[in-house]
Amino acid sequence: MKRFIKMISFVLIFSLVFGIMPIGYAQGNEVPEMIEYGFVDAGDAKIEYGIYGKADGEPLLLLSPNGGDMHCFDGSILPEMSKHFKVITVSVRGTGKSDWVEGTMNFETMSEDVVKLLDYLKIEKTNIFGFSDGGNLGFVFTLAHQDRVKSLVVMGSNINTRGTNTFDQIQITYQYIILCIEAWLYKDDEIARRRDIKGMMVGQPSLTFEDISQIKVPVLNIFGEHDMIKRSHSKKITRSIEGAKELMIIGGGHSTCFEFTDEIINPALLEFYGVAE
């Protein structure tokens, strides 16, 4: 059995290299100084967070992609956004130094973690930027707590797994199955944690276009020309939300959209937020 697992793992590594590449970010910008760092008690888990920029500024919450922690945006949008906002970054449960609790890795639980974070920081309403699964969490959070959201920007996000390109979704599912087998075989908590994180991309989220039509806050939907999210799905997200705007980054893929941070993403965000450069 172990020999079989090693063989499958080799195939998995091959697919990662030549298929879905690990999420990466432009790292050309200097990371600003963190002005606050700590943990929020979410009941069953401690949630790590950090704050950058203007202590008395308008809040902007950054939500990271699947498996990413509070430092995912350090070298991309964080430096510029921290010049204009009170930027809150968070390691959702199971990432960074936040606790992992088996069986709780879902957007609904994470959404309630965000509520506890905002309550702890005494923030009534915030702007949200979420990339990939971070955008998915943004959708779920906004639908559940629309009164806490001033605006929502999602990038490379989908409202259900049917929105992911078939080849990419097959690889994601394959990777998840391998992690399930390894977690069962080795009884290792770290493998189980990674299994649960990857599993979020297999059956979540499970929203409909009718669901997101209930979103009434300003929305900007960003996606890459060659994104792993189907273009038809991305465009239907925009059409389903009244007044939503969209931006397709020509030449961008999924995470490779961050290669256009300075020339496209940051200016688009500042324009959307109504901030003069």
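Before reading on, note that the structure itself is shown above.
Just so we're clear, the structure is a prediction, and the values are computed from it rather than from any experiment.

A look at the pairing of strand β4 (residues 86-91)
The side chains of a regular strand alternate between both faces of the sheet.
Phase 1: Of all six residues making up β4, six are buried, and the element is well covered by its neighbours.
Phase 2: Alternating residues of β4 divide into Lys86, Ile88 and Val90 and Val87, Thr89 and Ser91, and every residue in both groups is buried.
Phase 3: By the bridge criterion, four bridges tie strand β3 (residues 59-63) to β4 in an arrangement that is parallel. Looking at β4, one finds that Leu61 is bridged to Ile88.

Quick look at the pattern of salt bridges
Phase 1: Evaluation of the coordinates by the stated rule reveals ten salt bridges.
Phase 2: The residue Asp119 makes a salt bridge to Arg148 at a minimum N-O spacing of 3.0 Å. Separated by 29 residues along the polypeptide, Asp119 in helix α3 (residues 107-120) and Arg148 in the loop between α4 (133-144) and β6 (149-155) bring together distant segments of the chain.
Phase 3: On the basis of relative accessibility, which here comes to 10%, the residue Arg148 falls in the buried class.
Phase 4: Through salt bridges that share partners, Asp44, Arg93 and Asp113 make up one connected network.

Quick look at the packing of helix α5 (residues 166-186) against helix α6 (residues 189-203)
Phase 1: One way to put it is that α5 packs onto α6 with a least axis distance of 9 Å and a crossing angle of 155°. Considered as vectors, α5 and α6 are oriented roughly antiparallel to each other. Between α5 and α6 the crossing geometry is left-handed. Seen from α5, the contacting residues are Gln169, Ile172, Thr173, Gln175, Tyr176, Leu179, Cys180, Glu182, Ala183 and Tyr186; seen from α6, they are Ile191, Ala192, Arg194, Arg195, Lys198, Gly199, Met201 and Val202.

Regarding the nonpolar core
The nonpolar side chains of a soluble globular protein tend to be buried with one another.
Phase 1: Of all hydrophobic cores here, the largest spans 40 residues; its most connected members are Leu61, Leu117, Phe139, Ile212 and Ile241.
Phase 2: Taken together, the elements giving at least two residues each to this core come down to β2 (46-53), β3, β4, α3, α4, β6, α6 and α7 (209-212).
Phase 3: In terms of nonpolar packing, the next biggest core, distinct from the first, is built from 26 residues, Leu78, Leu220, Leu269 and Phe272 among them.

Scoring rules and cut-offs
- Residues numbered from 1 in each chain as written.
- Predicted model: local features only at pLDDT ≥ 70, side-chain atom pairs only at ≥ 80, totals over all residues.
- Heavy atoms only, no water.
- Buried < 20%, exposed > 50% of the residue type's maximum accessible area, 1.4 Å probe, protein only.
- Helix = DSSP H or I, 4+ residues; strand = E, 2+ residues; numbered from the N terminus.
- Pairing = 2+ DSSP bridges.
- Salt bridge = Lys/Arg side-chain N within 4 Å of Asp/Glu carboxyl O.
- Axes fitted to C-alpha atoms, helices over the stretch in contact; angles between N-to-C directions.
- Parallel < 35°, antiparallel > 145°, perpendicular 65-115°, else oblique.
- Left-handed = near helix turned anticlockwise from the far one by under 90°.
- Contact = heavy atoms within 4.5 Å.
- Core = buried A, V, L, I, M, F, W, Y, C linked by side-chain atoms within 4.5 Å.

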